[in-house]
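The primary structure of each chain is shown beneath.
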Amino acid sequence: PNQVATGVLHAYSSGLSRDEDALESATAAAGAKLADVVIRSLHPGVRSNVWEGNCVAVGAAACILDPVHDVDLHALQLGVVHLLSLFPVTEQFTAERAEYNRVMRSFCERIRDFQCAFYALSPFTGEFWQQARAQQVPQPLAHKIATFRARGEIAPMEDESFFSESWQAIFTGLGVLPETWPPTIDHISPDRFKQEFRRTLDFIKGKVLEQPTHDG
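Draft legend 1. Expanded view of the overall build of the protein chain. Across its full length, the protein chain holds seven helices and four strands. Starting at the N terminus, the α and β elements of the protein chain follow one another as α-β-β-β-β-α-α-α-α-α-α. Against the 2.2 N^0.38 benchmark of 17 Å for 216 residues, the protein chain shows a C-alpha radius of gyration of 22 Å, more extended than a compact globule. By principal-axis analysis of the C-alpha atoms, the protein chain measures approximately 60 × 55 × 50 Å. Residue burial in the protein chain is summarised as follows: out of 216 residues, 26% are buried. Once local pairs closer than 6 in sequence are excluded, the contacts in the protein chain between residues at least 24 apart make up 60%. If you sum the accessible surface of the protein chain, you get close to 15500 Å²; carbon and sulfur atoms cover 57% of it.

In structure tokens form, the structure reads like this:
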């Protein structure tokens, strides 16, 4: 939302919905007539080499991501930050280019895993979600799910974009519950747990009360 308009993004499967039906659904969700509607196809993926020769692709030129979680700006920032850290100072930049291509592909794959979790674990009904759950899960994501389901821990991976708290939130929010817990937890008294929970809740409450109101 901004002062003159509110943007509406509606993603849908063209194999299961016509453009006209999708536009009708988006209009109903927005609760108002939509203007300047643009319909375009989306094909998520990443370039095999985002740095080729002396040309570097960043943002949407380097990778197209699923619209879920809206991470396009994050991917653009990753591209710029790593380009600055590996920017060549001589005409011989083969090593810098190879590392940039490696690290950007790795970061994009970790973002892909986070987005795929939403589809692989989604409890929603309907043909679209059934097809989504039937898709093959990337091996790193399958490992993360299995580790969290086993004992509630998030398997750390290189070039991760999302904090472990974000992974915990998406797993628990989609119904993945740990079957057990790290044994060290058994050595913590219930009173200590209650104390920590109260401390966390008081911290959150305090931060909320510090925020200015909409009238401010």
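Draft legend 2. Inspection of unusual backbone geometry at higher detail. Its identity as a non-glycine residue notwithstanding, D70 has a phi of 50 degrees, on the positive side. By the secondary structure assignment, D70 is in the loop between β4 (63-64) and α2 (72-85). Judged by relative accessible area, D70 falls into the exposed class, the value being 62%. For D159, which is not a glycine, the phi torsion comes out positive at approximately 60 degrees. Tracing the chain through its elements places D159 in the loop between α5 (139-151) and α6 (164-173).

Draft legend 3. Focus on the nonpolar core. Counting 31 residues, the largest nonpolar core has Y100, W167, I170 and F171 as its most contacted members. Elements with a contribution of two residues or more to this core: α2, α3 (94-120), α5 and α6. By residue number, the principal contributor to this core is α3, which donates eight residues. Residues within four places of Y100 in sequence aside, it is in contact with V50, W51, V56, A57, V58, G79, H82, L83 and L86.

Draft legend 4. View of α5. Between its first and last C-alpha, α5 extends 19 Å over 13 residues, near the 18 Å set by a 1.5 Å rise per residue. Of all the positions in α5, only P140, L141, K144, I145, T147 and F148 are classed as buried. Seen end-on, α5 carries its buried residues on one side only, within an arc spanning 165 degrees. Considering only its buried residues, α5 is in contact with α3 and α6. Phi for G152, located one or two positions after α5, is positive at around 75 degrees.

Draft legend 5. Examining the packing of aromatic side chains more closely. Overall, the coordinates contain 13 aromatic pairs when judged by the stated rule. Ring centres of F118 and W129 lie 5.8 Å apart, and the angle between their planes is 80 degrees; this geometry places the pair in the edge-to-face category. With F118 in helix α3 and W129 in helix α4 (residues 127-134), this pair connects stretches of sequence that are 11 residues apart. Note on W167 and F171: the rings are 5.5 Å apart at their centroids and 45 degrees apart in plane angle, and the pair reads as tilted. Placement of the pair is W167 and F171 together in helix α6, with a separation of four residues, close to one helical turn. Of the two residues, W167 and F171, both sit in the buried class. In this structure, K144 packs its charged tip against the face of W167, placed 4.8 Å from the ring centre.

Definitions and limits used
Residues numbered from 1 in each chain as written. Predicted model: local features only at pLDDT ≥ 70, side-chain atom pairs only at ≥ 80, totals over all residues. Heavy atoms only, no water. Helix = DSSP H or I, 4+ residues; strand = E, 2+ residues; numbered from the N terminus. Rg over C-alpha atoms; globule rule 2.2 N^0.38 Å. Buried < 20%, exposed > 50% of the residue type's maximum accessible area, 1.4 Å probe, protein only. Contact = heavy atoms within 4.5 Å. Areas by Shrake-Rupley, 256 points an atom, 1.4 Å probe, with all protein chains shown as cover. Core = buried A, V, L, I, M, F, W, Y, C linked by side-chain atoms within 4.5 Å. Expected span 1.5 Å × (residues − 1). Arc of directions from axis to C-beta. Phe/Tyr/Trp six-rings, centres within 6.5 Å; stacked < 30°, edge-to-face > 60°. Lys NZ or Arg CZ within 6 Å of the ring centre and 35° of its normal.

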